[in-house]
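Each chain is listed here by its residues.
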Amino acid sequence: MAEKILILGSEGQVGTDLAATLRDKYGKDNVVCSDIKPAIDEKLDLGPYVELNVMDRAALEAVFSEHKPTMVYHLAAMLSATAEKFPRKGWDLNMEGMFSVFDACIDHKVKRVFWPSSIAVFGPNTPRINTPQNCVMDPNTIYGISKLAGERFCEYYYEKYGLDVRSIRYPGLIGWKAKPGGGTTDYAVDIFHQALIQNSYTCFLKEDTGLPMMYMDDAIKATIDITEADPSQIKIRSSYNLSGMSFDPKTLSEEIMRQRPGFTIDYEIDGRQKIAESWPTSIDDSAAKNDWNWKPDYNLETMVAEMLKQLSAMGVGS
Ligand code: SER
């Protein structure tokens with residue numbers, strides 16, 4: 001049977017890239033995009049789009065009935081920094097949204113579901129270097145708590161209802177097609193925009209705050225690979241550790257300076273520092289490598305080159 005794919009949260013940082021890749025692969029009419037934002041006329045040529053709030057179960061039900069998806073990517077969520085400002089709203093969206101989608105997937109016998117987790121499931125008691133798949137977690141942000149709870153429900157829905165959910169713990173994601181919103185790792189995207197606009201950047205994290213990061217093309221590859229892997233390859237039913245590269249703001253700025261002489265950075269630390277310090281600096285993703293052959297393509301140098309090239313081509317800074 002031909003696949004019919006539904007992306008929830010298609011206008012977000014991951015959704016924008018994922019939709020483009022899946023539409024190339026499956027044909028635009030076989031990938032239905034949806035987000036809480038109204039449809040934009042120019043984008044409707046790219047393929048079907050539905051304005052949808054995932055919290056609205058009746059509306060979600062109608063979308064499932066009409067489009068009959070075989071695979072669902074549920075990306076709608078509130079990220080770490082915003083959820084700290086609106087804790088109750090963040091919790092409700094991240095958890096209730098997940099329940100609505102998982103329940104609809106069961107009712108409509110959806111074959112596969114992808115649900116993203118995050119490095120935010122780890123906390124201050126977690127070993128920070130080469131963080132293992134299984135270890136003390138104790139997240140202390142609303143976002144992290146909702147993601148850890150969500151991981152437990154991924155496993156629960158698989159065991160109890162046979163729902164084939166797949167999940168990875170995204171590191172900070174760096175891409176040029178869409179900007180992130182409300183995350184702690186967002187500096188690593190904004191820095192490229194500011195580098196091209198004014199050749200300088202004011203960073204909200206301290207220079208030595210190491211975090212796990214990944215170029216968006218690698219994240220999209222991992223997302224599609226795990227979702228399409230044979231069920232026998234998926235041995236972890238909560239969420240897989242995933243690693244691309246690790247760096248701190250100073251190291252990133254030095255690579256940008258190398259590729260763009262004259263670039264300067266300074267620092268004005270805000271509340272996101274505390275969130276970043278509670279997360280790992282690097283991740284052990286050997287389970288993903290062993291189970292479904294995960295391998296990233298990008299390192300710091302190639303990611304920086306690609307970001308500067310693609311954003312320049314889009315006209316940023318000119
Ligand atoms: N990039 C996310 C954030 O900063 C972490 O998953 O919130």
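Peer 1: Let's hear about the overall build of the protein chain: which residues, and what values?
Peer 2: For the protein chain, the helix and strand inventory stands at 12 helices and 14 strands. The C-alpha atoms of the protein chain give a radius of gyration of 19 Å, which matches the 20 Å a tight globule of 318 residues would have. Taken along the three principal axes of its C-alpha coordinates, the protein chain extends 55 × 45 × 40 Å. Residue burial in the protein chain is summarised as follows: out of 318 residues, 55% are buried. Contacts in the protein chain between residues far apart in sequence, at least 24 positions, make up 79% of those at least 6 positions apart. For the protein chain, the computed accessible surface area is about 13,500 Å², with 51% contributed by carbon and sulfur atoms. Between the centroid of the 34 positive side chains of the protein chain and the centroid of its 45 negative side chains there is a distance of 2 Å.

Peer 1: Help me get a handle on the side chain of Asp 285, residues and values and all.
Peer 2: Tracing the chain through its elements places Asp 285 in the loop between α10 (272-277) and α11 (286-292). In terms of polar contacts, Asp 285 uses its side chain to reach the side chain of Lys 289, at 2.8 Å. Aside from chain neighbours lying at most four places away, what touches Asp 285 is Asn 241, Leu 242, Ser 243 and Trp 294.

Peer 1: Outline the sheet that holds strand β8 (residues 168-170), supporting the account with residue identities and numerical values.
Peer 2: Here 3 strands make up an open sheet; going across it, the order is β6-β8-β12 and the pairing parallel. This sheet does not close on itself; its edge strands, each paired only once, are β6 (117-118) and β12 (240-241). Lying over the sheet, helix α8 (residues 216-228) contacts β8 and β12, oriented at roughly 170° with respect to β8.

Peer 1: Pulling in residues and values, what's your account of the layout of surface pockets?
Peer 2: Roughly 960 Å³ of volume is contained in the largest pocket. The wall of the largest pocket is formed by 43 residues, among which Leu 75, Ala 76, Ala 77, Met 78 and Leu 79 lie closest to the centre. Looking at the lining of the largest pocket, the elements with two or more residues in it are α1 (13-26), β2 (31-35), α4 (80-85), α5 (87-107), β6, α6 (142-161) and β9 (172-174). Ranked by the residues each element gives to the lining of the largest pocket, the list is headed by α1, at 3 residues. Of the residues in the lining of the largest pocket, the class split is 21 nonpolar, 15 polar and 7 charged. Taken as a whole, the second largest pocket encloses approximately 230 Å³ of empty space. Contributing to the lining of the second largest pocket are 15 residues, with Glu 11, Ala 19, Arg 23, Lys 43 and Leu 46 lying nearest its centre.

Peer 1: Could you give an account of the pairing of strand β11 (residues 211-215), with specific residues and numbers?
Peer 2: Burial analysis of β11 places 5 of its 5 residues in the buried class, the great majority of the element. In this sheet, β11 lies alongside β9 in parallel orientation, the contact comprising 3 bridges. Across the sheet, the residue bridging to Gly 172 is Met 213, located in β11. Relative to strand β13 (residues 245-247), β11 runs antiparallel, the two sharing 3 bridges. Bridge pairing links Leu 211 to Phe 247 in β13.

Peer 1: Any chance you could break down the environment of Asn 293 for me, citing the residues and the numbers?
Peer 2: Checked against the element boundaries, Asn 293 lands in the loop between α11 and α12 (300-313). Sequence separation of Asn 293 and Ala 229 is 64 residues, and the distance between their C-alpha atoms is 9.7 Å. Apart from the residues lying within four places of it in its own chain, the contact partners of Asn 293 are Gln 233 and Ala 288.

Peer 1: So, the packing of α1 against α8: which residues are in play, and what are the values?
Peer 2: Interhelical geometry of α1 versus α8 gives an angle of 60° and a closest axis separation of 10 Å. Of the possible angle classes, the one that applies to α1 and α8 is oblique. Crossing handedness for the pair α1 and α8: right-handed. Each of Gln 13, Val 14, Asp 17, Leu 18, Thr 21, Leu 22, Lys 25 and Tyr 26 in α1 lies in contact with α8, whose residues at this interface are Met 216, Ile 220, Thr 223, Ile 224 and Glu 228.

Peer 1: Can you lay out the site of the ligand for me, pointing to particular residues and giving the numbers?
Peer 2: The full set of residues close to the ligand is Leu 79, Ser 80, Ser 118, Tyr 143, Gly 183, Thr 184, Thr 185 and Trp 279. Here Ser 80 contributes a side-chain N or O atom positioned 2.6 Å from an oxygen atom of the ligand. Here an oxygen atom of the ligand and a backbone polar atom of Thr 184 are 2.6 Å apart. Coverage of the ligand by the protein chains reaches 93% of its 240 Å² of free accessible surface. Of all the cavities here, the one that holds the ligand is the largest pocket. For the shell around the ligand, a count of residues per class yields 3 nonpolar, 5 polar and no charged.

Peer 1: Break down the pairing of β2 for me, with residues and values.
Peer 2: For β2, the tally of buried residues reaches 5 of 5 residues, placing the bulk of the element in the interior. Summarising the sheet, strand β1 (residues 5-8) and β2 pair through 4 bridges and their orientation is parallel. Counterpart to Leu 6 in the pairing with β2 is Val 32. Two elements, β2 and strand β3 (residues 49-51), share 3 bridges in a ladder whose sense is parallel. Of the residues in β3, the one forming a bridge with Cys 33 is Tyr 49.

Rules and cut-offs
Residues numbered from 1 in each chain as written. Predicted model: local features only at pLDDT ≥ 70, side-chain atom pairs only at ≥ 80, totals over all residues. Heavy atoms only, no water. Helix = DSSP H or I, 4+ residues; strand = E, 2+ residues; numbered from the N terminus. Rg over C-alpha atoms; globule rule 2.2 N^0.38 Å. Buried < 20%, exposed > 50% of the residue type's maximum accessible area, 1.4 Å probe, protein only. Contact = heavy atoms within 4.5 Å. Areas by Shrake-Rupley, 256 points an atom, 1.4 Å probe, with all protein chains shown as cover. Lys, Arg positive; Asp, Glu negative; His and termini not counted. Charge placed at Lys NZ, Arg CZ, Asp CG, Glu CD. Polar contact = N/O pair within 3.5 Å; in protein donor to acceptor, adjacent residues only side chain to side chain. Pairing = 2+ DSSP bridges. Axes fitted to C-alpha atoms, helices over the stretch in contact; angles between N-to-C directions. 1 Å grid on protein atoms, 1.4 Å probe; cavity = no way out; pocket = protein on both sides within 12 Å on 5 of 7 lines; lining within 4 Å. Points joined across faces, edges and corners; volume = space filled by probe spheres on them. Nonpolar A, V, L, I, M, F, W, Y, C, P; charged D, E, K, R; others polar. Parallel < 35°, antiparallel > 145°, perpendicular 65-115°, else oblique. Left-handed = near helix turned anticlockwise from the far one by under 90°. Near = heavy atom within 4 Å. Sits in = over half its atoms within 2 Å of the grid points.

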